[in-house]
Amino acid sequence: MKQIAEALLQIEAVTLSPTEPYTWSSGLKSPIYCDNRLTLSYPEVRQVIIDKLVKSITPTQVDVIAGTATAGIPHGALLADRLGLPFIYVRSSAKGHGKGNQIEGKLDIGARVLVIEDLLSTGMSSIDAAKAILEAGSKVVGIQAIFSYELPILEKNLASANLSAESLTTFSELIEVAETKGILNRSELNSLREWQQDPRAWSDLVTS
């Protein structure tokens, strides 16, 4: 949805900087950075995101909303509250103290769970959360994110895990909005598209 893409650019939840790349936690250089936590500080944007999430799912097919820790928790909780459904969140790993929970909240065996993520890159954090839910004896009906980089590795990882994922808006839509609004010149847009096809090769090129 271009409406979401435009909003993310406007509030700088997504920023583009092909000439002065960001450094991801993996060490890779990237011309794009996404922090959807910022949407929580903008009530109108937050409202639109939850409205679109509600429209993207079929409530009768979902018993529980799950947020991925930590960025998927707030939007997942807001969505669960809107739908009147139970909410849980899934840690990246089990706690090393107390009950050692990886899943926080009550999750019944056989429950149909929708996983909420803020961002899809490789998809591994969502896949790991889904695996924890499956191991707990419940079902994962899908993964829903706010934004996706649409990296080729994402579809490969999802297919290997036999999972599906959707996002409210995508890299392609965001780039189209950026081009329409003249945010980047042609060379910068091409650079972003090259990154999206092979982030590692792009990173190696700009650091060489």
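J.: Help me get a handle on the layout of surface pockets, residues and values and all.
T.: What the largest pocket holds in volume is close to 770 Å³. Around the largest pocket, the lining is made up of 29 residues, and of these W24, S25, L119, S121 and Y149 lie nearest the centre. Taken together, the elements giving at least two residues each to the lining of the largest pocket come down to strand 4 (32-34), strand 8 (112-120), helix 4 (124-135), helix 5 (152-160) and helix 8 (199-207). Grouping the constituent residues of the lining of the largest pocket by class yields 13 nonpolar, 10 polar and 6 charged. Roughly 240 Å³ of volume is contained in the second largest pocket. Looking at the second largest pocket, it is lined by 13 residues, and the ones nearest its centre are S56, I57, L114, V141 and G142. Counting residues per element, the ones that place at least two in the lining of the second largest pocket are strand 9 (139-148) and strand 10 (165-170).

J.: Report on the pattern of salt bridges, specifying residues and quantitative values.
T.: Once the charged atoms of two side chains with opposite charge are near each other, the side chains can pair. Enumeration over the complete set of coordinates arrives at 9 salt bridges. Put simply, E176 and K2 hold a salt bridge, and the shortest N to O gap is 2.5 Å. Residue E176 is located in helix 6 (residues 171-180), and its partner K2 is located in helix 1 (residues 2-10); the two are separated by 174 residues in the primary sequence. In this structure, the salt-bridge partner of D35 is R37, at a minimum N-O distance of 3.5 Å. The structure contains a network of salt bridges with shared partners spanning E179, R186 and R193.

Rules of the game
- Residues numbered from 1 in each chain as written.
- Predicted model: local features only at pLDDT ≥ 70, side-chain atom pairs only at ≥ 80, totals over all residues.
- Heavy atoms only, no water.
- 1 Å grid on protein atoms, 1.4 Å probe; cavity = no way out; pocket = protein on both sides within 12 Å on 5 of 7 lines; lining within 4 Å.
- Points joined across faces, edges and corners; volume = space filled by probe spheres on them.
- Helix = DSSP H or I, 4+ residues; strand = E, 2+ residues; numbered from the N terminus.
- Nonpolar A, V, L, I, M, F, W, Y, C, P; charged D, E, K, R; others polar.
- Salt bridge = Lys/Arg side-chain N within 4 Å of Asp/Glu carboxyl O.

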